[in-house]
Amino acid sequence: MRKLFFVILLVVLSVLVAACVAPAAPAPAPAPVEEAEAPAEPAAEEAQEPVEITVMVFESPALTAEFWDEAIASSLEMLPDYIAVEKITSPSLDRDAYAKQLQATDQFPDILMAVTISDFAQAGLLTPFDEEYLQENFIVPDGAMTDGVSYHPPNGAQIIPFIFYNKAIFEEVGVEVPTTYGEFVEVSQAIKDAGHIPLLMCGAEPWCGSFPVVALVSADVFGDDPDWMKKRKAGEVSFSDPEMVAAFQKFQDLVNAGLIDEGGLGTDFATANQAFYDGEAAMYFQGSWFIGYMEPEVSANTGVFILPQDDGDLFVPIYVGGGTRMSALTEHPEEVKMFAETFASNPNGLKTNIELDALFPMIKGMTMADWQNDYGVEVSDLFTEAYEGYVLNEDAAKVSTFTWSNNDDDVIAGMKAEIYTAVQNVFLGADVAEQMALLDQLWEEAAEAIARQ
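The following refers to the structure shown. Here the structure is a predicted model, which means the values were calculated and not measured.

Reading guide: rules and limits
Residues numbered from 1 in each chain as written. Predicted model: local features only at pLDDT ≥ 70, side-chain atom pairs only at ≥ 80, totals over all residues. Heavy atoms only, no water. Helix = DSSP H or I, 4+ residues; strand = E, 2+ residues; numbered from the N terminus. Buried < 20%, exposed > 50% of the residue type's maximum accessible area, 1.4 Å probe, protein only. Areas by Shrake-Rupley, 256 points an atom, 1.4 Å probe, with all protein chains shown as cover. Pairing = 2+ DSSP bridges. Expected span 1.5 Å × (residues − 1). Arc of directions from axis to C-beta. Contact = heavy atoms within 4.5 Å. Disulfide = S-S within 2.5 Å. Polar contact = N/O pair within 3.5 Å; in protein donor to acceptor, adjacent residues only side chain to side chain. Right-handed = clockwise from strand over helix to strand, strands pointing away. Axes fitted to C-alpha atoms, helices over the stretch in contact; angles between N-to-C directions. Phe/Tyr/Trp six-rings, centres within 6.5 Å; stacked < 30°, edge-to-face > 60°. Core = buried A, V, L, I, M, F, W, Y, C linked by side-chain atoms within 4.5 Å. Parallel < 35°, antiparallel > 145°, perpendicular 65-115°, else oblique. Left-handed = near helix turned anticlockwise from the far one by under 90°. Nonpolar A, V, L, I, M, F, W, Y, C, P; charged D, E, K, R; others polar. Salt bridge = Lys/Arg side-chain N within 4 Å of Asp/Glu carboxyl O.

### Some remarks on the overall build of the protein chain
Alright, step 1. Per the secondary structure count, the protein chain includes 21 helices and 15 strands.
Alright, step 2. Looking at the 453 residues of the protein chain, the share that counts as buried comes to 51%.
Alright, step 3. Counting every atom, the protein chain has about 19900 Å² of accessible surface; 52% of that belongs to carbon and sulfur.

### Quick word on the sheet that holds strand β15 (residues 398–400)
Alright, step 1. A sheet is described by the order of its strands in space; here four strands give the open sequence β14-β7-β12-β15, paired in mixed fashion. The sheet terminates laterally at β14 (360–361) and β15, the two strands that pair on one side only.
Alright, step 2. Relative to strand β12 (residues 316–321), strand β7 (residues 156–159) runs antiparallel, the two sharing four bridges. When the bridges of β12 are listed, Ile 159 appears paired with Ile 318.

### Let's talk about helix α4 (residues 65–76)
Alright, step 1. Counted at 1.5 Å a residue, the expected span for α4 with its 12 residues is 16 Å, and the 17 Å between its end C-alpha atoms agrees.
Alright, step 2. Here α4 has its buried residues at Phe 67, Trp 68, Ala 71, Ile 72, Ser 74 and Ser 75. Viewed end-on, α4 has its buried residues packed into an arc of 160°, placing them on one side of the element. Turned more than 90 degrees away from the buried face of α4 sit Glu 66 and Glu 70, all of them exposed.
Alright, step 3. For α4, the secondary structure elements touched by its buried residues are β1 (51–57), β2 (83–89), β3 (111–113), α16 (333–345) and α17 (347–357).

### Quick look at the state of the cysteines
Alright, step 1. Following the criterion strictly, the structure yields one disulfide and no others.
Alright, step 2. Each disulfide pairs two cysteine sulfurs, and for Cys 202 the partner residue is Cys 208, the sulfurs being separated by 1.7 Å. Note on the Cys 202 and Cys 208 pair: the S-S dihedral is about -80°, so by sign convention the disulfide is left-handed.

### Observations concerning the side chain of Arg 232
Alright, step 1. Checked against the element boundaries, Arg 232 lands in helix α12 (residues 228–233).
Alright, step 2. Using a relative accessible area of 3% as the deciding quantity, one classes Arg 232 as buried.
Alright, step 3. Within polar-contact distance, the side chain of Arg 232 engages the side chain of Asp 440 at 3.2 Å.
Alright, step 4. In contact with Arg 232, not counting residues within four places along its chain, are Val 237, Ser 238, Phe 239, Asp 440, Trp 443 and Glu 444.

### Notes on the pairing of β2
A regular strand carries its side chains on alternate faces of the sheet.
Alright, step 1. Two elements, β1 and β2, share seven bridges in a ladder whose sense is parallel. Along β2, the bridge assignment pairs Val 55 with Lys 87.
Alright, step 2. Between the parallel elements β1 and β2, the chain passes through α4 in a crossover that is right-handed.

### Things to note about the sheet that holds strand β8 (residues 162–166)
Alright, step 1. One open sheet holds the four strands; their spatial order is β9-β10-β8-β11, and the pairing between them is mixed. Across the chains shown, the open sheet's two edge strands, defined by having one partner strand only, are β9 (197–200) and β11 (302–305). Looking at each pair of strands side by side, their axes are set apart by 25° on average, direction ignored.
Alright, step 2. As judged from the three bridges shared by β9 and strand β10 (residues 281–286), these two strands associate in the parallel manner.

### Section: the environment of Ala 449
Alright, step 1. Looking at the secondary structure, you find Ala 449 in helix α21 (residues 432–452).
Alright, step 2. The exposure class of Ala 449 is partly exposed, given its relative accessible area of 30%.
Alright, step 3. Along the backbone, Ala 449 and Gly 414 are 35 residues apart, and their C-alpha atoms lie at a distance of 9.8 Å.

### Digging into the packing of aromatic side chains
Alright, step 1. This model, assessed by the stated rule, comprises 34 aromatic pairs.
Alright, step 2. Ring geometry for Phe 269 and Tyr 293: centres 6.0 Å apart, planes at 70°, overall edge-to-face. With Phe 269 in helix α14 (residues 269–277) and Tyr 293 in the loop between β10 and α15 (296–300), this residue pair connects regions lying 24 residues apart in the sequence.
Alright, step 3. Judged by relative accessible area, Tyr 293 falls into the buried class, the value being 14%.

### Some words on the nonpolar core
Alright, step 1. With 130 residues, the main nonpolar core has Phe 184, Phe 248, Phe 251, Met 283 and Phe 360 as its most contacted residues.
Alright, step 2. A per-element tally of this core places helix α11 (residues 211–222) first, with eight residues.
Alright, step 3. Formed by 14 residues, the second largest nonpolar core is a distinct cluster that contains Leu 102, Leu 112, Phe 120 and Leu 125.

### Topic: the packing of α4 against α17
Alright, step 1. Where α4 contacts α17, the two axes come as close as 8 Å, and the packing angle between them is 160°. Put simply, α4 runs roughly antiparallel to α17. Handedness of the crossing formed by α4 with α17: left-handed. For the pair formed by α4 and α17, the contact residues are Phe 67, Ala 71 and Ser 74 on the first element and Asn 348, Gly 349, Thr 352 and Asn 353 on the second.
Alright, step 2. Counted by class, the contact of α4 with α17 contains two nonpolar, five polar and no charged residues.

### Some thoughts on the environment of Tyr 133
Alright, step 1. Tracing the backbone through its elements, the reader meets Tyr 133 in helix α7 (residues 131–137).
Alright, step 2. Expressed as a C-alpha distance, the spacing of Tyr 133 and Pro 153, which sit 20 residues apart in the sequence, is 9.2 Å.

### Quick word on the pattern of salt bridges
Alright, step 1. Following the criterion strictly, the structure yields 11 salt bridges and no others.
Alright, step 2. We note a salt bridge from Asp 119 to Lys 100, for which the minimum N-O separation is 3.2 Å. Note that Asp 119 is positioned in helix α6 (residues 117–121) and Lys 100 in helix α5 (residues 95–104), a separation of 19 residues in sequence.
Alright, step 3. Relative accessible area serves as the criterion here: at 40%, Lys 100 is assigned to the partly exposed category.
Alright, step 4. Here Arg 232 and Glu 444 are joined by a salt bridge, their closest N and O atoms 3.1 Å apart. With Arg 232 in helix α12 and Glu 444 in helix α21, the pair connects residues that are 212 residues apart, well separated along the chain.
Alright, step 5. Glu 444 sits in the partly exposed class, given a relative accessible area of 39%.
Alright, step 6. Residues joined in a network through salt bridges with shared partners are Asp 220, Lys 250 and Asp 310.

Here is the structure:
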């Protein structure tokens with residue numbers, strides 16, 4: 001962070017110094033000091049003309065209005081005084097829809113937080129971050145690259161999804177964390193037989209309801225072929241191929257066996273969260289941000305694991321990136337770049353993300369001890385267990401998260417919603433092979449639409 005601040009400061013100073021140098025006089029004697037400095041005054045005044053940039057944010061139980069206000073203010077303190085921010089808040093968690101609404105009315109924000117890269121970059125609405133900045137600041141500088149560029153900074157990581165489990169229920173039933181997929185099914189059945197709901201699902205919100213399938217595809221399909229999505233874009237594989245059909249079929253088998261809450265499609269995110277807090281279910285597919293939502297007594301009774309393959313191999317479905325995106329439509333590209341880079345690398349802003357949203361920090365040269373000692377970061381034992389066990393552990397193989405990757409493994413624009421619909425249809429009993437064939441058809445239609453743009 002200090003490096004970034006001094007770089008910005010040196011750039012600003014160099015501009016001002018250059019502006020203060022008068023052209024060489026034709027006479028051999030140097031011009032008086034007063035005359036040499038005269039041209040600098042209007043240049044300095046012009047450089048200080050106020051510039052206001054718009055920043056679109058969204059609010060969640062962890063990322064509150066106060067969080068955004070403090071993070072924005074902390075970043076502005078590191079920038080020239082002439083830069084100001086107008087905060088715009090999405091009315092719901094569906095910030096993609098709100099950003100598209102603003103774009104349609106010529107109000108597209110200068111900075112957007114956590115909108116879907118594929119939808120906006122492919123439409124020419126985003127500007128990538130500089131490679132030099134990425135290399136200097138982040139542990140995995142290419143972790144968010146699409147076609148050789150990064151439209152968002154890889155300043156943090158999330159695992160999507162973990163399986164959170166209630167330790168007390170596991171102990172009561174006499175089961176342990178499964179090490180193979182077969183054991184996972186057996187544990188789920190034992191929990192059901194003991195009178196508990198094995199698996200929660202928050203299907204009233206499609207993005208949330210997709211998590212069981214996200215886990216299965218990330219493990220079984222991406223685990224065996226990390227380049228599967230790139231191959232799909234190249235037309236080398238399809239959703240109708242056996243491995244993808246099998247992953248969706250596993251999901252339907254869990255539903256048919258009554259191992260996933262039968263009311264899952266009618267349960268929203270907040271309700272499912274509370275049900276887990278209250279011990280109404282033993283396990284819950286959810287993103288790592290869920291760690292940040294828990295009260296201490298809930299966290300102490302909660303463990304995490306990754307859905308294993310049939311043979312027990314583990315592949316951690318990880319999202320490497322950050323929320324900050326820069327508009328390609330902005331009238332203030334330099335100021336937007338300065339703010340975006342400062343905001344993305346600001347430890348004070350990330351501190352809140354770590355503590356409240358359970359973001360796993362990916363800033364180069366900083367250990368968890370640094371975060372704790374230098375910035376006072378306080379995290380639960382559950383956070384430490386998850387971070388050290390699955391993120392920092394080099395023996396834990398990483399794969400991109402199905403439908404949640406902001407890199408070359410992301411789906412093409414428009415397909416995320418179609419996949420979510422397929423998940424809902426499979427939950428309701430639709431034929432899996434037919435749903436996969438429909439996804440292939442919709443993919444081709446979406447690809448053709450993109451090509452016509």
